[in-house]
Amino acid sequence: MTWAVHQLVNIIREYYRYPVSTLVSMEYSAKLLFPAVTICNLNRLRMSKLDGNLRFLKRPLQVTRHRELMTMLIREYSRGDRIARGHVMEDMFLACTFNLEPCTVDDFIEEMYMRSGNCYTFGDTVTDKKERYTNKAGPANGLILDLDIGRSEYLRSSSAYGVNILLHNGSEYAFPYDGGIVTGPGFSTSIALRKVESYLLPAPYGMCVESDSVSQRINLFSQLGYSYTDLACKRSCHQVKLLNECRCYEEDVPGGIDAMKIL
């Protein structure tokens, strides 16, 4: 009897420690949901669109000073004006196919970031409401895109010529300034992926999953319909810190000042 009680106590203690268990499995799928592809031109503003106060960006300044001045001046313009002064997909787009079928400019969702400029996403299942699947691997399948980066429009503050390509889940909000693959003009770049899925447990095992009301309250991106990601959680927590200490917010926060109402 004593031994049974001892074992029961140990089991209860182990349960309340919430030990971490990892289960790994491999499965074959006849088709896979194609990831979202976000593309950002490395040049935020076009040279030909530098009017008004933006004309100061034509001066021969140091690269660091040039970027600081650009960020400061562009805040004076509305979102629509910022988009018009950046590289737009209609000008960059040359050709596109997905699974050997032609695609158009309308298949790309536009988003404007203060630090990345205009970005365009193929396969955004939240805004586009369209899931795209692929059942064959290889460079002849998937998304094939031919772009004109508009090199003659580049400012001297641009770090390089080309585009930043970010691959992510279509239900996730894109953070192009925190990652991606940079590819330059004059090259054919092929990117292959292997899908790996991780599922996290809700509270009390963690603090940032969908079923946790606390993380939902501070997740600025879930209000737009995007799923949870570790980076979205960190961005939300960072914004909460800014809001509490200086009553300010980052301009790349989706929804702007109206989004602060959920915090």
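Here, every reference points to the structure presented above.
Quantities reported herein were computed from a predicted structural model and do not represent experimental measurements.

1. Overview of the state of the cysteines
For step 1, the next point in the chain: Counted according to the given criterion, the structure contains two disulfides.
For step 2, the next point in the chain: The disulfide partner of Cys40 is Cys119, and the gap between their sulfur atoms is 2.0 Å. Taking the sign of the S-S torsion, 115° for the link of Cys40 and Cys119, the bridge is right-handed. In this pair, Cys40 is assigned in strand β2 (residues 36-41) and Cys119 in strand β6 (residues 117-122), connecting sequence segments 79 residues apart. Cys119 matches Cys40 in its accessibility class, with the two residues each being buried.
For step 3, the next point in the chain: The disulfide partner of Cys96 is Cys103, and the gap between their sulfur atoms is 1.7 Å. On the sign convention where negative means left-handed, the S-S torsion of about -85° between Cys96 and Cys103 marks this disulfide as left-handed.
For step 4, the next point in the chain: As a non-bridged cysteine, Cys237 has Cys233 as the owner of its nearest cysteine sulfur, 4.2 Å distant.

2. A look at the pairing of strand β9 (residues 163-168)
A regular strand carries its side chains on alternate faces of the sheet.
For step 1, the next point in the chain: Taking burial as the measure, the six residues of β9 include five buried ones, the bulk of the element.
For step 2, the next point in the chain: In the sheet, β2 pairs with β9 via six bridges, with the strands oriented antiparallel. Across the sheet, Ala36 pairs through a bridge with His168, a residue of β9.

3. Description of the pattern of salt bridges
For step 1, the next point in the chain: Per the counting criterion, the structure on display carries eight salt bridges.
For step 2, the next point in the chain: The partner of Arg79 in a salt bridge is Glu111, with the nearest N and O atoms 3.4 Å apart. Separated by 32 residues along the polypeptide, Arg79 in helix α3 (residues 79-85) and Glu111 in strand β5 (residues 108-113) bring together distant segments of the chain.
For step 3, the next point in the chain: Since its relative accessible area comes to 43%, Arg79 is described here as partly exposed.
For step 4, the next point in the chain: We note a salt bridge from Asp107 to Arg132, for which the minimum N-O separation is 3.3 Å. Of the two residues, Asp107 is situated in the loop between β4 (101-102) and β5 and Arg132 in the loop between β6 and β7 (133-134); the sequence distance between them amounts to 25 residues.
For step 5, the next point in the chain: Looking at Arg132, the relative accessible area reads 8%, which means it is buried.
For step 6, the next point in the chain: Sharing partners across several salt bridges, the network here consists of Asp107, Asp128 and Arg132.

What counts, and where the lines are drawn
- Residues numbered from 1 in each chain as written.
- Predicted model: local features only at pLDDT ≥ 70, side-chain atom pairs only at ≥ 80, totals over all residues.
- Heavy atoms only, no water.
- Disulfide = S-S within 2.5 Å.
- Helix = DSSP H or I, 4+ residues; strand = E, 2+ residues; numbered from the N terminus.
- Buried < 20%, exposed > 50% of the residue type's maximum accessible area, 1.4 Å probe, protein only.
- Pairing = 2+ DSSP bridges.
- Salt bridge = Lys/Arg side-chain N within 4 Å of Asp/Glu carboxyl O.

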